Amino acid sequence: NQFFDRMDELLGFPTTDPHGSPIPDKNGNFNKTNYKRLSQFPEKSTVILKALRESSTDFLLFLNKKEIQLNTKITIDHVEDFDGSYTISYTGHSDIVLGKSICDRFLVEQI
């Protein structure tokens, strides 16, 4: 369809949606990712947030309040043995504590 081809061109042929999920090309092919959950990484790891596993309105509002967005570089400062929560830092923010359920939703790439 010419409309969709033109839209794809106007958008710069995106390969991911605003939440980091892959967008198939016009033939149905898409790039596979090797992202892992933030909760899979140990202390002192540095990662880039690449996608979200779930993106409810409440979750996105939470991320906005924390000023966390795709491509945010995150350093894991501490992992709490007791409950699996993570203390992280990123540009302009330090000592941010995220629960394990949130860390499970962050799909990241190690740098």
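Please refer to the structure placed before this passage.
A cluster of like negative charges, contributed by Glu-43, Glu-80, Asp-81 and Asp-83, occupies part of the molecular surface. Secondary-structure assignment places Glu-43 in the loop between β1 (36-37) and β2 (46-52). Owing to a relative accessible area of 33%, Glu-43 belongs among the partly exposed residues under this scheme.

In total, this model carries one aromatic pair according to the counting rule given. Sitting over the face of the ring of Phe-59, Arg-105 holds its NZ or CZ atom 4.6 Å from the ring centroid.

Glancing now at the environment of Thr-72. For Thr-72, the position within the fold is in the loop between α2 (57-66) and β3 (73-79). Given the relative accessible area of 11%, Thr-72 is considered buried. The sequence separation of Thr-72 and Val-47 amounts to 25 residues, and the corresponding C-alpha distance is 8.3 Å. With residues up to four places along the chain from it excluded, the contact list for Thr-72 reads Val-47, Ile-48, Leu-49 and Tyr-90. At 2.6 Å, the side chain of Thr-72 and the backbone oxygen of Gln-69 are in polar contact.

Okay, the nonpolar core next. Within soluble globular proteins, side chains that are nonpolar generally end up buried alongside one another. Counting 20 residues, the largest nonpolar core has Leu-38, Leu-49, Tyr-86, Ile-88, Leu-98, Phe-106 and Val-108 as its most contacted members. Beyond its immediate sequence surroundings of up to four residues, Phe-106 is in contact with Lys-36, Arg-37, Leu-38, Leu-49, Ala-51, Leu-52, Phe-59, Leu-63, Ile-68, Ile-74 and Leu-98.

What counts and how
- Residues numbered from 1 in each chain as written.
- Predicted model: local features only at pLDDT ≥ 70, side-chain atom pairs only at ≥ 80, totals over all residues.
- Heavy atoms only, no water.
- Patch = residues over 30% accessible without salt bridge, like charges linked within 9 Å, V, L, I, M, F, W, Y side chains within 5 Å.
- Areas by Shrake-Rupley, 256 points an atom, 1.4 Å probe, with all protein chains shown as cover.
- Salt bridge = Lys/Arg side-chain N within 4 Å of Asp/Glu carboxyl O.
- Lys, Arg positive; Asp, Glu negative; His and termini not counted.
- Charge placed at Lys NZ, Arg CZ, Asp CG, Glu CD.
- Helix = DSSP H or I, 4+ residues; strand = E, 2+ residues; numbered from the N terminus.
- Buried < 20%, exposed > 50% of the residue type's maximum accessible area, 1.4 Å probe, protein only.
- Phe/Tyr/Trp six-rings, centres within 6.5 Å; stacked < 30°, edge-to-face > 60°.
- Lys NZ or Arg CZ within 6 Å of the ring centre and 35° of its normal.
- Contact = heavy atoms within 4.5 Å.
- Polar contact = N/O pair within 3.5 Å; in protein donor to acceptor, adjacent residues only side chain to side chain.
- Core = buried A, V, L, I, M, F, W, Y, C linked by side-chain atoms within 4.5 Å.

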